[in-house]
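# A closer look at the structure
Listed here are the chains, written in short residue letters.
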Amino acid sequence: MMKFRFKRQGNDTQREKAKQDVFAFNKQTVEHGFPSQPSALAYDPILRLMAIGTKSGAVKIYGAPGVEFVGRHVPGGTITQMHFLLGQGRLLCLLDKNTLHLWEISPGDKGSYLDKILSITLPGRPGVEGVRASRVTALLPTRRCDLLCMGTEGGAVRTLALPSLAALEARMLLQDQVLQSVPDEYKCGRSLGPVESLQEHPRYPGKILIGYSRGLVVLWDLNTWQMDALFLGNQSLESLSWERSGRNFVSSHSNGSYVLWAVGGSRCPPVCRPMSCTRPYGPSPCKAISKILWRTSESGIPLVLFSGGMSRASYGDRHCLTVMQGDTQVALDFTSRIIDFFTVHHTEDGDRFDDPTALVVLLEEELIAFDLQTTGWPVIPSPYLASLHSSAITCSYHVSNVPHKLWQRVAAAGRLQSPPQTAMKWPISGGNSFASEPKQKDLLLTGHEDGTVRFWDASGTSLTPLYKLSTASIFQTDGDHGDSSAQEEEWPPFRKVGLFDPYSDDPRLGVQKISLCKYSGRLVLAGTAGQVLVMCLNEEWSDHVISSSVVDLLQDRKGFTWKGHDRLDPKAGRIRFMPGFQPVVLVQCIPPASVTAVALHAEWNLIAFGTSHGFGLFDYHFRCPVVARCTLHPTDTMAMEGPLSRIKSLKKSLRQSFRRIRKSRLCGQSRLLVQGLAGKDSSKQLGEQGGSRDADMAPVQRRIEARSAEDSLSGVVRCLCFADTYLRDAAQRGPTLWAGTNAGCVFAYALKVPLRSGSWGGAVEAILSKEIQLMHRAPVVGVAVLDGQGNPLSEPYQASRDPATSLDVQASHSVLIASEEQIKVFSLPKITMKAKLKLTATDGCRVRKVALASLAGGHALLCLTNLGDVQAFSVPGLRPQGRESCIHREDVSGMASCVFTKTGQGFYLISPSEFERFSLSTCQVSSPLCSVEVQRNSRTAVPSTPPRRSGTPSAQSTGGPPSLGGQDGVRISPGFSCGDTTMDTTGDLTIEDVKDFLASVDEVENNLRNRSADDWHSAGILINGTVWNVL
């Protein structure tokens, strides 16, 4: 009988309760930034809400700052069109799969939430020729919100009842009915093409304009189901727009022209000709005008807005939106493609004129609003949807609990940098936000590829820009080509608009590491070409010369040749800087490799920096280096080439690959031989000791092979930190510097920093006191020194300015070293292990990010693994507090961009333009709390069980495939995450579970052949898991 040596511990109720009070993972917080790949836009002028749809199926509704709702279509798909049911808080979404979905903002206990209530699969799927003509191309919900008109690719117009989405088969307009009234000379034996646009009459509800691709426009009366007028166009139609009085409308066409039409009052269906035709940028061939709006004003001069229409030969590659009013004409030139746009204007029935106040343009990479009431039409600052990726994000840095003085100085510098051009408030102002004011101010700093650092207000649910710092003016870059005073041509009247600029003048400018001292205002920026800048915050203009120093990290090592990019040369002479962060010292690392780690101690006037070749310590007060240590292994040849190098030897790469293969084979053969001999000699002994061996390995652990010191890039410095601790002896604390490398080595330097209060002392001295080599040589990802209570040491100036957070000076300190495989805590000054946690051996994961955070019950160690899990451990005991899945394991860029805050929150990129925010603490949860007041009467209520068509079985009852509608009744909070795009269902479904829904290819072809393009009998609605066929 087998005996177990180790007894499994039972669940301690009090301990589990304590964990729940401290650790609570919440991913449904908020998303910051601009939605990735937007595809549709909608606006509700009554509720003043805006909706954006994306190619991944995400739905985002925005109102006033703090009012935000997020939902997602499952399974995903590209949202092609979105329309609000005006004043009802309901949104219609059409997907490229020809499915229609109805969302609703519903009241809840903690504010309003977004809920998908209906889904319907329309009889037209892309790629199937038999039903291609039924694919929906245009949507129009009437102003009464009782009818939905749908134009199809086959030229038919179908109707659905709202909000039930019930098909009205008796009210269907086919193209043949329209062709009966078309003159014979216009028919020419051709069809009218797909329905491109549907627009309702502004004065007479029920009358709609139907625009066909060929150019024909029909005024149709839905009440009498008769044609009122026919407008014969000769160019391919793109869009339609009514004039407010309803006496005129305008159409835009594929040849870059727009046509003005007059609507007659006769009851017989007249054939109308255009009043005028204008090609703004002709006569040369022009691109299509994809959308046009005609807005009236009290001055009598209409405002015309249209996208496209530029000359193909000269400006065909530009993304322009033209605004014309009288003699004033401006071509807004954007840096990304225009998705859609709308105007904020008067929509009440009693108003005679539109009088637009604002223009909102959705671009592929940003959202821009314009003030149409101010001369020059300036840009309105946006309180949300910031363009984080105006230049590619290269690093992030978070600062918690920023002092009020620093916050005011940074905000003042930002206001001076970009003063407001208009006093107009943000026009999208629907809903109410009742989220409380943040208790503290938080900053999020993002470094970018073009050498800029942007400061964001991350205190609440919205990420708003505060200040922008650029380093390009300090260096002589490849993009400097003298004074290019080439002026734009006077015609067309272009005006550059937008912040998105993905092109960098010089990739060496990229910011890789950031460190900020919030008490002194000192900032350190490290870049791709080995440049390290020390900056100070100045409220005045400054004109000075930047002090420059060079630190050779190789220490004249022979036989090394740098094959990477050149260093950045600073500009000579004085440079004028505006108020804000101004550079005072430039340290250039040699070789100019990318900086991989940086640390700042403003109280000691010291900075530390590391690259793939070594690390250095610099005294920026005396402008002199203190330490320069090379960490390269003699065989490390990969460090000779930087990330931008194109000079790589194919012979060396092949040689290294064959050496690795040969080495792995030899190691594997020797390991099998040793195991075989050991198995023959000790099989009996192992049988006698059976249980004890297993007990020693409990829990089951993987065998971890030690890494070779000859591995490439073993000299990369991964982390640096300063600490005032006990390193030499236990009697006296002193300044120290800790550095961790990719080879599992930790260097600890004892520093001698003279007192510099009053009169300055001498130079800083550094002595290597300890060198710790981890057994498996796993890369060191983090080093931190803890006080006697297990709390991290105070920041520079923190003890003097915030005595409540001073460290415990009575007890001994300990150092926490986190590698990719293990986390260990050693006592100081003797390096004696106090606690150890094996992650790779037990869980098979590797550590990617670590940070110390303050939770409700004290400090904890937060850890992100390569599996995307976020784990929390107590310090210094390293007891597990919680483990949750946060990032998809395939999302490598998301893990690399993750940054933890000191309050238990985190940020990571779910796309190049969006940050996902999550929380691990019960005390720090940032999520939008908002409400939208809507009025719905009984007529607009959605039926819980729609009527079933008699004699028509549902899709499930006939054994056919279920409807493609998403899961209904899914309640989605305002902070629903759109980062959850990957669904792993491996092992959940078997062939037995889905065999009833499978059909042969012949059966599918027969079904499609028997089903005509205009057959709507099987259109179904999925409600609460049941497919209903409706009229």
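Residues numbered from 1 in each chain as written. Predicted model: local features only at pLDDT ≥ 70, side-chain atom pairs only at ≥ 80, totals over all residues. Heavy atoms only, no water.

Moving on: the pattern of salt bridges. Overall, the coordinates contain 22 salt bridges when judged by the stated rule. Taking the shortest distance from any N to any O, the salt bridge between R135 and E153 comes out at 2.8 Å. In this pair, R135 is assigned in the loop between β9 (113-121) and β10 (136-141) and E153 in the loop between β11 (147-152) and β12 (157-161), connecting sequence segments 18 residues apart. Look at E153 and you get buried, because its relative accessible area is 18%. In this structure, the salt-bridge partner of E200 is R143, at a minimum N-O distance of 4.0 Å. Here R143 lies in the loop between β10 and β11 and E200 lies in strand β14 (residues 195-200), a separation of 57 residues in the sequence. Taken together, the salt bridges that share partners define one network made up of E31, K60 and E914. (Salt bridge = Lys/Arg side-chain N within 4 Å of Asp/Glu carboxyl O. Helix = DSSP H or I, 4+ residues; strand = E, 2+ residues; numbered from the N terminus. Buried < 20%, exposed > 50% of the residue type's maximum accessible area, 1.4 Å probe, protein only.)

Spatially, the four strands line up as an open sheet ordered β54-β55-β56-β57, and their pairing is antiparallel. Pairing within the sheet leaves two strands with one partner each, and these edge strands are β54 (780-786) and β57 (832-838). Here the average twist between neighbouring strands, direction ignored, is 15°. The pairing of β54 with strand β55 (residues 814-819) spans six bridges and is classified as antiparallel. The residue bridging V783 from the neighbouring strand is I817, located in β55. (Pairing = 2+ DSSP bridges. Axes fitted to C-alpha atoms, helices over the stretch in contact; angles between N-to-C directions.)

All right, on to the UniProt feature "repeat: WD" (unreviewed entry) in the chain then. Taking the numbering used here, the UniProt-annotated feature "repeat: WD" (unreviewed entry) corresponds to residues 443-457. Spanning residues 443-457, this segment combines 0% helix with 80% strand, and its end C-alpha atoms are found 5 Å apart. (UniProt positions renumbered as here; feature names shortened; annotations may be inferred.)

A separate point is the sheet that holds strand β50 (residues 717-725). Taken in spatial order, the four strands make up an open sheet running β50-β51-β52-β53, and their pairing is antiparallel. Sheet topology places β50 and β53 (765-773) at the edges, where each strand pairs with a single neighbour. Within this sheet the neighbouring strands show an average axis-to-axis angle of 20°, counted without direction. Pairing geometry for strand β52 (residues 745-752) and β53, over eight bridges, is antiparallel. When the sheet's bridge partners are listed, K752 is paired in β53 with E765.

In this structure the tally under the stated criterion is 22 aromatic pairs. Here F231 and W261 contribute two aromatic rings whose centre-to-centre distance is 5.8 Å and whose plane-to-plane angle is 75°, an arrangement assigned as edge-to-face. Note that F231 is positioned in strand β17 (residues 226-231) and W261 in strand β20 (residues 258-262), a separation of 30 residues in sequence. Taking relative accessible area as the criterion, F231 reaches 0% and is therefore assigned buried. Under the relative-accessibility criterion, W261 is labelled buried at 1%. Geometrically, the ring pair formed by W604 and F722 is edge-to-face, given 6.1 Å between the ring centres and 85° between the ring planes. One end of the pair, W604, is in the loop between β46 (597-601) and β47 (606-610); the other, F722, is in strand β50, with 118 residues separating them in the sequence. For F722, a relative accessible area of 15% translates into the label buried. Put simply, the rings of F231, W242, F249 and W261 pair up and form one aromatic cluster. The positively charged end of R214 is found above the aromatic ring belonging to Y186, 4.5 Å away from the centroid. When the ring centre of F494 is taken as reference, the NZ or CZ atom of R318 above it lies at 4.1 Å. (Phe/Tyr/Trp six-rings, centres within 6.5 Å; stacked < 30°, edge-to-face > 60°. Lys NZ or Arg CZ within 6 Å of the ring centre and 35° of its normal.)

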